[in-house]
Amino acid sequence: MRIGLLSDAHGNNIATQACVRYLYDRAKVDTIWFLGDSVGYMLGVEEVNELLVSKCSLILSGNHEAMMMQMIPYNPDREPIYQLQTAYSLLSESTRKRIQQQSATIAQQIDSLTILCVHGSPNDVWCGYLYPDSDINAFEHLAGTVVIAGHTHRPMVRRNSHGAIFINPGSCGMPRDIGHSAGCGILDTVENNISLVRIPFDIDAVISFHTERGYILHPSVIECLYRNFHDSNSIQQQTFSFSDII
């Protein structure tokens, strides 16, 4: 089975659509899993959620959904950046109800793989961070498991000393390393490999989407979108065999 992996769309409907189009039309995945954070920062939130419902077989909630639905607290001083109250007002009632019912984690067996999907980390499903330099050797109980997480907005493929493989596809809406290069992944459960893909998207189109509707993006969000900008429109893909991951 070829599974497309998306996470952290954050209301960026333009970049998320680009990733979905690539995964289905070019990578020919069988399905797509979304690891949470459809809202926050940007305001194409209903468009993103309609896309996810139509294209994904698994949709998790992230910490931004949990904050928006008042399931976990957050600092109200962050509202001008997060725009969660505005996001809530833009969502249909049916979308709000679905988000309220979503989990932040799910475990399943596919082919020979035991897979744990989580937004944050196995020990803090909404807000835990697994960065490329995090200590992952403490997860001894996950030996032999493939852990797929989001939240950090940074792509990662690592193995811990107990044989667990940790995958983060990066952010399809707000990458924090290369701002205009959306991240997604392709997990092949037969070939036992993972591909990390970077897909450039049009920042001006994202900004125009907001200005045409009278929305205001926080300066820190715009800075993130332009971070490490370069004029390349090429799609980058790197594939890792599970046997070679260290």
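Structure first, text after, so check above.
Please read all numbers here as calculations on a predicted model, not as lab measurements.

Q: Help me out: how do you make sense of the overall build of the protein in this one?
A: Summing up its helical and strand segments, the protein has eight helices and 11 strands in all. By its C-alpha atoms, the protein is 50 × 40 × 30 Å across when sized along the principal axes. Pairs at least 24 residues apart make up 68% of the contacts formed inside the protein by residues separated by at least 6 positions. On the protein, roughly 10400 Å² of surface is accessible, and the fraction owed to carbon and sulfur atoms is 49%.

Q: Could you clarify how one ought to interpret the environment of S234 in this entry?
A: The topology assignment puts S234 in the loop between α8 (219-225) and β11 (236-241). Sequence separation of S234 and R198 is 36 residues, and the distance between their C-alpha atoms is 8.6 Å. Those residues in contact with S234, other than ones at most four positions away along the chain, are R198 and P200. At 2.9 Å, the side chain of S234 and the side chain of S232 are in polar contact.

Q: What am I meant to see in the sheet that holds strand β5 (residues 113-118) here?
A: The pairing of strands in a sheet comes from backbone hydrogen bonds and takes either a parallel or an antiparallel form. With mixed pairing, the five strands of this open sheet are ordered in space as β4-β5-β6-β8-β7. In this open sheet, the two edge strands, each paired with only one partner strand, are β4 (105-110) and β7 (156-159). Recorded for the sheet is a direction-independent mean angle of 15° between the axes of neighbouring strands. Pairing between β5 and strand β6 (residues 145-149): five bridges, direction parallel. Note that in β6 the partner of I115 across the bridge is V146.

Q: I would appreciate a short explanation of the pattern of salt bridges in the present structure.
A: Side-chain pairs of opposite charge can arise where the charged atoms are in close proximity. Tallying each qualifying case throughout the model produces five salt bridges. Ionic pairing is found between R213 and E212, a salt bridge with its closest N-O pair at 3.9 Å. Residue classification places R213 among the partly exposed residues on the basis of a relative accessible area of 42%. For E212, a relative accessible area of 64% puts it in the exposed group. R227 serves as the salt-bridge partner of E223, at 2.7 Å between the closest nitrogen and oxygen. Given the relative accessible area of 24%, R227 is considered partly exposed.

Q: What is the right way to look at helix α6 (residues 93-101) in this model?
A: An α-helical turn contains 3.6 residues, so a residue and the one three or four places further along point in the same direction. Where α6 is concerned, the buried positions are T95, R96 and I99. Burial along α6 is one-sided: seen end-on, the buried residues are contained in an arc of 100°. Looking at α6, the residues exposed on the side facing more than 90 degrees away from the buried face are S94, K97 and Q101. Lining the buried residues of α6 we find α2 (45-55), α3 (63-68) and α5 (84-90).

Rules used in this analysis
- Residues numbered from 1 in each chain as written.
- Predicted model: local features only at pLDDT ≥ 70, side-chain atom pairs only at ≥ 80, totals over all residues.
- Heavy atoms only, no water.
- Helix = DSSP H or I, 4+ residues; strand = E, 2+ residues; numbered from the N terminus.
- Contact = heavy atoms within 4.5 Å.
- Areas by Shrake-Rupley, 256 points an atom, 1.4 Å probe, with all protein chains shown as cover.
- Polar contact = N/O pair within 3.5 Å; in protein donor to acceptor, adjacent residues only side chain to side chain.
- Pairing = 2+ DSSP bridges.
- Axes fitted to C-alpha atoms, helices over the stretch in contact; angles between N-to-C directions.
- Salt bridge = Lys/Arg side-chain N within 4 Å of Asp/Glu carboxyl O.
- Buried < 20%, exposed > 50% of the residue type's maximum accessible area, 1.4 Å probe, protein only.
- Arc of directions from axis to C-beta.

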